[in-house]
Amino acid sequence: MKISTRSYCYLLFWFGLIALGSNLTPYFANDYRYFLVQGTQDFVGSFGDILVSQYRHYFEWGGRSVAHVIAQTLLWWGKPASAVAQALCYVTLILFIYYNAYGIKPTLRLRLMPIFIISLLLFMQLRAYGEVVFNIVSSANYLWTTTIVLIFLLPYRISMERDLETHILVLLPMMFILGVLAGWSNENTAAAVATGLGLYLLFNLRMHRLKLWQCVGYTGFLIGFALLIFAPGNQARLDSMEEKGFDALEHTISSVDIFFESLLACFVLVIMAVYLRFKVRSAMLQYSLPSLYHGSMWFIYTGVFALFLMIFSPNFPARSATPFTIFMIVGVIGLAKVALERFDNLLPPKISKALLILGTLFMVSAMINAIYCTIILNNDQKARDAEILSQIEAGKTHIVVSPMHAYTYKYVYVADVRANPDYWTNKILASFLGVESITRKCDYPNRAVSKDFMPYSGRYYDSECVIKVNQTPDVAKAQK
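Residues numbered from 1 in each chain as written. Predicted model: local features only at pLDDT ≥ 70, side-chain atom pairs only at ≥ 80, totals over all residues. Heavy atoms only, no water.

Novice: Account for the overall build of the protein chain, naming residues and giving values.
Specialist: When helices and strands are tallied, the protein chain shows 19 helices and 2 strands. Against the globule reference of 23 Å for 480 residues, the protein chain gives a C-alpha radius of gyration of 23 Å, in line with a compact fold. In terms of its C-alpha atoms, the protein chain occupies a principal-axis envelope of roughly 75 × 50 × 45 Å. Here the protein chain holds 480 residues, and the buried ones make up 53% of them. Across the protein chain, every contact between residues at least 6 apart in sequence was considered, and the portion connecting residues at least 24 apart equals 78%. For the protein chain, the exposed area adds up to about 22,100 Å²; of that, 65% sits on carbon and sulfur atoms. The protein chain carries 39 positive and 30 negative side-chain charges, and their two centres are separated by 12 Å. (Helix = DSSP H or I, 4+ residues; strand = E, 2+ residues; numbered from the N terminus. Rg over C-alpha atoms; globule rule 2.2 N^0.38 Å. Buried < 20%, exposed > 50% of the residue type's maximum accessible area, 1.4 Å probe, protein only. Contact = heavy atoms within 4.5 Å. Areas by Shrake-Rupley, 256 points an atom, 1.4 Å probe, with all protein chains shown as cover. Lys, Arg positive; Asp, Glu negative; His and termini not counted. Charge placed at Lys NZ, Arg CZ, Asp CG, Glu CD.)

Novice: Account for the environment of Y99, naming residues and giving values.
Specialist: In this structure, Y99 sits in helix α5 (residues 81-102). The class for Y99 is buried, based on a relative accessible area of 4%. Sequence-wise, Y99 and F316 are 217 residues apart; in three dimensions their C-alpha atoms are separated by 30 Å. Beyond its immediate sequence surroundings of up to four residues, Y99 is in contact with I104, K105, P106, T107, L110 and L154. A distance of 3.1 Å separates the side chain of Y99 from the backbone oxygen of T107, its partner in a polar contact. (Polar contact = N/O pair within 3.5 Å; in protein donor to acceptor, adjacent residues only side chain to side chain.)

Novice: Residue-level account of helix α1 (residues 5-24), with values.
Specialist: With 20 residues, α1 should reach 28 Å at 1.5 Å per residue; the first-to-last C-alpha distance of 29 Å fits that figure. On its buried face, α1 is in contact with α5, α6 (112-125), α7 (129-134) and α17 (349-393). (Expected span 1.5 Å × (residues − 1).)

Novice: Give a detailed account of the pattern of salt bridges, specifying residues and quantitative values.
Specialist: Counted under the stated rule, the structure contains 9 salt bridges. Between R384 and D416 there is a salt bridge, with its nearest N and O atoms 2.9 Å apart. One end of the pair, R384, is in helix α17; the other, D416, is in the loop between β1 (398-401) and α18 (424-433), with 32 residues separating them in the sequence. Across this residue pair, the class does not change: R384 and D416 are buried. (Salt bridge = Lys/Arg side-chain N within 4 Å of Asp/Glu carboxyl O.)

Novice: Which residues make up the layout of surface pockets, and what are the values?
Specialist: Looking at the second largest pocket, its volume works out to about 1,100 Å³. Around the second largest pocket sit 30 residues that line it, and I117, M272, L346, L347 and L356 are the ones nearest its centre. Elements supplying a minimum of two residues to the lining of the second largest pocket: α6, α14 (267-282), α16 (322-340) and α17. In terms of residue class, the lining of the second largest pocket is made up of 23 nonpolar, 3 polar and 4 charged. (1 Å grid on protein atoms, 1.4 Å probe; cavity = no way out; pocket = protein on both sides within 12 Å on 5 of 7 lines; lining within 4 Å. Points joined across faces, edges and corners; volume = space filled by probe spheres on them. Nonpolar A, V, L, I, M, F, W, Y, C, P; charged D, E, K, R; others polar.)

Following this line, the structure appears as structure tokens:
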């Protein structure tokens, strides 16, 4: 079998970029929390510590044990090993988007253009790219878990086209284990997949095509999902939120805005899905390639449902749109293949060429900018570490640090401490360091444009943070 050299060179290029960006990105916020064994000040020093930590976490804070085992393992490994793992996961994600889109088993024969389009859409349309791809804890919760879900779904996607050739004695345990891991991943994704996959299995039952391995995999998935949503820590976390004034009705109303913002952030994918579906149905191609068409639409509907379910979640961060985006990409690539069975081109050649050139220029320039910003942050973190160490050695328990010179935007995640010592990241880092408080000298002014819609950023010269904003009396006192 001939290997597609160009495709693998391109994937190797992305592997290097993600490894570089991950290695340069400093640890932030929850990273420091998961460095430690849950409920202690002890550093994770073995995989056994991780299991103990996640056992406690399951009862005290939440059920995402699979995601947090991955996160704590990566943090335990440290950099650059975790950066290599992040890059490997990202490349694996690209490959399994490709395999699921076409309904094919893993192969070395890859076509470059679909791989390029998948990477371009991931880069352009992931709403919180920097956080989901480069930050360890966020990536474990979304990048890694969604990749696991795609690996689990691939046999079902293939079965829409043809029977699997894998031996049943291998397939049954594999599907059960993958099912448990996939179901025990992420609440909204698992709920959407449980619904969509259940409907598919009911269809197979009606058509007398239901297989034993499909039932075993789905049973494993439901077991994993039950372990996720019925974790005692979920209630403990909700009780903590309610004590701080959480209002379910008010949150649900505000979540509707976030839902539509997420659709807007993925407007290219939404337009592509609508256009390709119209193109396919206008030529009645859904009847000539029904499995490919319905498999693609299954992913699109499941992704939209996963995003919709977040409206009713107690927390709706921008990063939670990740599964929606990835499932949409699978569906769009599949629909494009259906359309190309009849049409030579989906758009006029000149327009297609212009869009590819513009997309490539944007991707290259934005990634260069992101690497530039992570270099700045990496240097800032080294200076920050020196500041903290010198103050701790001097016996200070109220630490004051200089601001970093880049902050969060679409492709870079910066959950830095603030001037307010009660800010959530400040509390996490203070607890990690074993000091009473940590603050930074001042905060940068708020920006008018939402960070998720900013494709570029640059170096910020603090000059006492341009103007001092949100400075607390505690900071002023500490500076004296």
